[in-house]
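This is what each chain is made of:
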Amino acid sequence: MGIERIIMQTKNDIKEKIVIENSGLKEPAKIKTDPVFRQSLFEEELPQTDGMYMSIIDALASPVFVYGSDGAFLAANKAFCDFFQINPEDIFIGSLNIKTFSKFKNENCRFYDENLLIDRETAKFHFSCTKENGDISWFEASKKPLVWKSREDTMLCVLSDVTESKMEKERLACLLAKEKEKSSTKALLISMISHELKSPLNVILSVSELNEMYSETMCKNNKEKNLRMIKSSISRINSILCDVSLLNQIGLEGKIPNMCDVNIRLFCEGIVEEAKESNKKNGDIFLEFHNASKTIIKADEKILRHVLLNILSNAIKYCGPEYIINFDVFVKNDEITFKVKDNGIGISSADIPHIFNAFYRAGNSGNKCGSGLGLYIAKTFTQLHGGSIAVQSEPGAGTTFSVAIPLP
């Protein structure tokens, strides 16, 4: 409304000036008291007023144009012609029409409204257009009926560039959606953690009560069995709490990866030794590098270590008494891929879509110790590093995990 008020006020001032100048009177009293005389003077200068009116809108920084009920452009200021890259001559000869103006794409119909011409009201709407270079601009169109060159079926339209505010609103909406998603994820994890902790805590409580009630009559084997159950439950609780702490520190808080130089050969050799030491089973991990002329890469060593150690530990855990694991590393200029293939129990096709969900355990995982958060964290951390993780498996035929990380 600000631009329209300026235009209308300026036009009224011009009218008043024309009428006073043409009256030949030093005092405008007759003009104010004689409306017939006033109207006759103004009608004589109508063409000049429209010319001045055109000068006013042409001086405005915002794109402004006038069009008739038939859709034909009647006038447009320099800002409009410059932005939409049109020749003012095309408007003068009447070759442009609002209904077919290609710059407005599919928004053309929104500029014309028969009811608006009848009610003489102002209407506003937002629309976008694409520049020649592909950039998208957003405008607020403010249209109002106008008497132009004695025509009452014309419309004045002022375009205000709202691209920056539109982009800022979209950015804030995106941030809000992410915060809501993060908050929802945290709430869900807290609920699931509470549920997961109840089971081992109940085992500890029940077994402790049994030991207390039957300590004098319980045989040594049963006592040792109960102690093993307590230790296993404590280990599970500890595993859950460690994984939750890790998620809170890095994953859920959206930590930016701390990129540093990593000697990928030494790094992977260390991961293999750590995985073998932490899992006291017989077997071996065969590490092989492919196209590894590039040995120093940029990566977050802490994130990468946790992802690969989790996958290798799972591979050992779900293999038989003697494991055989192939750990292949493929290095390219823009990406590094880690493949871990085991000879374990495999994963069913029904379980594969869910194994990266928090606390999900495959149907054939049995009573293997674990928090149920390992693969969820591995996927979260891989995505945090801008990478992807995939799995291929069949029951009884082993499993292959692939982790691809982009290299800066």
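Residues numbered from 1 in each chain as written. Predicted model: local features only at pLDDT ≥ 70, side-chain atom pairs only at ≥ 80, totals over all residues. Heavy atoms only, no water.

1. Concerning the overall build of the protein
Along the protein, the regular secondary structure elements total 12 helices and 12 strands. Per-residue burial over the protein gives 40% buried out of 408 residues. Considering only residue pairs separated by 6 or more positions, the protein has 61% of its internal contacts joining residues 24 or more positions apart. By element, 53% of the accessible surface of the protein is carried by carbon and sulfur atoms, the whole surface being about 23200 Å². (Helix = DSSP H or I, 4+ residues; strand = E, 2+ residues; numbered from the N terminus. Buried < 20%, exposed > 50% of the residue type's maximum accessible area, 1.4 Å probe, protein only. Contact = heavy atoms within 4.5 Å. Areas by Shrake-Rupley, 256 points an atom, 1.4 Å probe, with all protein chains shown as cover.)

2. Structural notes on the confidence of the model for the protein
In the predicted model, the protein carries a mean pLDDT of 77, and the fraction of residues at 70 or more is 76%. In the model, residues 18–33 has pLDDT below 50 throughout and makes 17 contacts with residues more than four positions away in sequence or in other chains. Every residue in residues 35–48 is under pLDDT 50, and counting partners more than four places away or in other chains gives 14 contacts. (pLDDT = per-residue confidence, 0-100.)

3. Remarks on the packing of helix 11 (residues 301–317) against helix 12 (residues 374–384)
When two helices pack together, their arrangement is given by the angle between the helix axes and by the axis-to-axis distance. Two numbers describe how helix 11 lies on helix 12: the axes approach to 9 Å, and their chain directions differ by 145 degrees. For helix 11 against helix 12, the interelement crossing comes out left-handed. Contact residues: helix 11 offers Ile 303, His 306, Val 307, Asn 310 and Asn 314, while helix 12 offers Gly 374, Leu 375, Ile 377, Ala 378, Phe 381, Thr 382 and Leu 384. (Axes fitted to C-alpha atoms, helices over the stretch in contact; angles between N-to-C directions. Left-handed = near helix turned anticlockwise from the far one by under 90°.)

4. Concerning the pairing of strand 4 (residues 136–148)
Strand direction decides the pairing type here: strand 3 (residues 123–130) and strand 4, joined by eight bridges, are antiparallel. Directly across from Ala 123, in strand 4, lies its bridge partner Lys 143. Linking strand 4 back to strand 5 (residues 151–161) in an antiparallel pair, the connection comprises two residues, with Lys 149 at a positive phi of about 50 degrees. (Pairing = 2+ DSSP bridges.)

5. Focus: unusual backbone geometry
Phi at Gln 85 takes a positive value of approximately 55 degrees, unusual for a residue other than glycine. Looking at the element boundaries, Gln 85 is found in the loop between helix 5 (78–84) and helix 6 (88–92).

6. A look at the sheet that holds strand 11 (residues 388–393)
The sheet built from five strands is open, its strands ordered 7-9-10-12-11 with mixed pairing. Each end of this open sheet is capped by a strand with a single partner; those strands are strand 7 (282–290) and strand 11. For this sheet, the mean inter-axis angle between neighbouring strands, taken without regard to orientation, is 15 degrees. As judged from the nine bridges shared by strand 7 and strand 9 (residues 322–331), these two strands associate in the parallel manner. Within the sheet, the bridge partner assigned to Phe 289 lies in strand 9 and is Val 329. Sitting on the sheet, helix 10 (residues 264–278) is in contact with strand 7, strand 9 and strand 10 (335–341), with an inclination near 170 degrees to strand 7. Where helix 11 meets the sheet, its contacts fall on strand 7, strand 9, strand 10, strand 11 and strand 12 (399–406), and the angle it forms with strand 9 comes to roughly 150 degrees.

7. Examining the side chain of His 385
Residue placement: His 385 occurs in the loop between helix 12 and strand 11. There is a polar contact of 2.9 Å between the side chain of His 385 and the backbone nitrogen of Asp 300. Other than its neighbours up to four places away in sequence, His 385 contacts Pro 257, Met 259, Ala 299, Asp 300, Ile 303, Ile 405 and Pro 406. (Polar contact = N/O pair within 3.5 Å; in protein donor to acceptor, adjacent residues only side chain to side chain.)

8. Some points on the pairing of strand 11
Taking every second residue as pointing to the same face, the buried face of strand 11 carries Ile 389, Val 391 and Ser 393, while none of Ser 388, Ala 390 and Gln 392 on the other face is buried. Strand direction decides the pairing type here: strand 11 and strand 12, joined by six bridges, are antiparallel. What sits directly across from Ile 389, in strand 12, is Val 403. Joining the antiparallel neighbours strand 11 and strand 12 is a turn of five residues, in which Gly 396 adopts a positive phi near 80 degrees.

9. A few points about the nonpolar core
Ile 264, Ile 285, Phe 327, Ile 336 and Phe 338 are the most contacted members of the largest nonpolar core, which has 53 residues in total. Looking at this core, the element that brings in the most residues is helix 11, giving nine residues. Not counting residues within four places of it along the chain, the set of residues in contact with Ile 264 comprises Phe 289, Lys 294, Thr 295, Ile 297, Leu 304, Ile 336 and Phe 338. Core analysis: the second largest hydrophobic core is formed by 21 residues, Phe 84, Phe 104, Cys 129 and Met 155 among them. (Core = buried A, V, L, I, M, F, W, Y, C linked by side-chain atoms within 4.5 Å.)

10. Considerations on the packing of aromatic side chains
Under the counting rule described, the total for this entry stands at 15 aromatic pairs. Judged by centre distance (4.8 Å) and plane angle (40 degrees), the rings of Phe 65 and Phe 80 are tilted. Placement of the pair is Phe 65 in strand 1 (residues 64–68) and Phe 80 in helix 5, with a sequence separation of 15 residues. Each member of the pair Phe 65 and Phe 80 is classed as buried. Connected via pairs of aromatic rings, a cluster forms that spans Phe 65, Tyr 67, Phe 73, Phe 80, Phe 83, Phe 84, Phe 101, Phe 125, Phe 127 and Phe 139. The ring of Phe 289 has Arg 265 lying over it, and the distance from NZ or CZ to the ring centre is 4.3 Å. (Phe/Tyr/Trp six-rings, centres within 6.5 Å; stacked < 30°, edge-to-face > 60°. Lys NZ or Arg CZ within 6 Å of the ring centre and 35° of its normal.)

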